[in-house]
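The residues making up each chain are set out below.
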Amino acid sequence: MFTMFLGIYTVQAQKDIDKGTETIKGFFDNFDEENFTFTYLNGHNKEDTISFPRITPEMLKKYNLSNNKYVGKTFNIIFNSEIEIEIEEDGDEQEYIIRTIIGLELLEQ
């Protein structure tokens with residue numbers, strides 16, 4: 001699929017990075033009108049942040065993360081990742097990892 005946006009051609013590669021889903025436990029930090037951001041412990045047991053530009057309509061309906069009601073709450077976050085490739089007019093390619101929340105489980109009330 002090719003889309004022209006401000007002189008940049010976008011090609012979406014519809015392949016999962018890990019051919020499946022991932023689950024992490026994290027605290028909801030905020031929604032900045034573009035990304036849903038969570039804090040979690042990474043593989044080195046250090047605090048890190050992860051952003052999700054996409055969420056399924058079902059999960060957004062169940063947990064409206066676009067308001068402050070869930071800030072600081074702990075969730076199990078189930079997501080998948082895709083690689084999106086942007087090809088600029090000069091032919092340079094830029095790869096981005098796009099994460100989509102496909103499942104949420106609130107761990108505390």
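As shown above, the structure is provided for reference.
If you're wondering where the values come from, they're calculated on a predicted model, not measured in any experiment.

J.: Would you explain the overall build of the protein in this entry?
T.: Within the protein, the secondary structure is distributed over one helix and eight strands. Taken from N to C terminus, the helices and strands of the protein fall in the order β-β-β-β-β-β-α-β-β. The buried share of the protein, taken over its 109 residues, is 34%. Contacts spanning at least 24 positions in sequence make up 59% of the contacts within the protein whose residues lie at least 6 apart. Split by element, the accessible area of the protein, about 7,300 Å² in all, is 48% carbon and sulfur.

J.: Just checking my understanding: could you explain the pattern of salt bridges for this structure?
T.: One side chain can pair with another of opposite charge once the charged atoms of both are near each other. Under the counting rule described, the total for this entry stands at two salt bridges. Of the charged contacts, one joins arginine 54 and glutamate 84 as a salt bridge, the two residues approaching to 3.4 Å between their closest N and O atoms. Here glutamate 84 lies in strand β7 (residues 74-88) and arginine 54 lies in strand β6 (residues 54-55), a separation of 30 residues in the sequence. For arginine 54, a relative accessible area of 30% puts it in the partly exposed group. Where salt bridges share partners, they join Arg54, Glu82 and Glu84 into one cluster.

J.: Explain unusual backbone geometry here, please?
T.: The phi angle of most residues is negative, glycine excepted, and most peptide bonds adopt the trans form. Not every positive phi belongs to a glycine, and glutamate 33 is a case in point at roughly 75 degrees. In this structure glutamate 33 comes out as exposed when scored by relative accessible area, which is 67%.

J.: I would appreciate a short explanation of a negative patch on the surface in the present structure.
T.: A surface patch of negative charge is lined by Glu88, Glu89, Asp90, Asp92, Glu93 and Glu95. By secondary structure assignment, the location of glutamate 89 is in the loop between β7 and β8 (93-106).

Definitions and limits used
Residues numbered from 1 in each chain as written. Predicted model: local features only at pLDDT ≥ 70, side-chain atom pairs only at ≥ 80, totals over all residues. Heavy atoms only, no water. Helix = DSSP H or I, 4+ residues; strand = E, 2+ residues; numbered from the N terminus. Buried < 20%, exposed > 50% of the residue type's maximum accessible area, 1.4 Å probe, protein only. Contact = heavy atoms within 4.5 Å. Areas by Shrake-Rupley, 256 points an atom, 1.4 Å probe, with all protein chains shown as cover. Salt bridge = Lys/Arg side-chain N within 4 Å of Asp/Glu carboxyl O. Patch = residues over 30% accessible without salt bridge, like charges linked within 9 Å, V, L, I, M, F, W, Y side chains within 5 Å. Lys, Arg positive; Asp, Glu negative; His and termini not counted. Charge placed at Lys NZ, Arg CZ, Asp CG, Glu CD.

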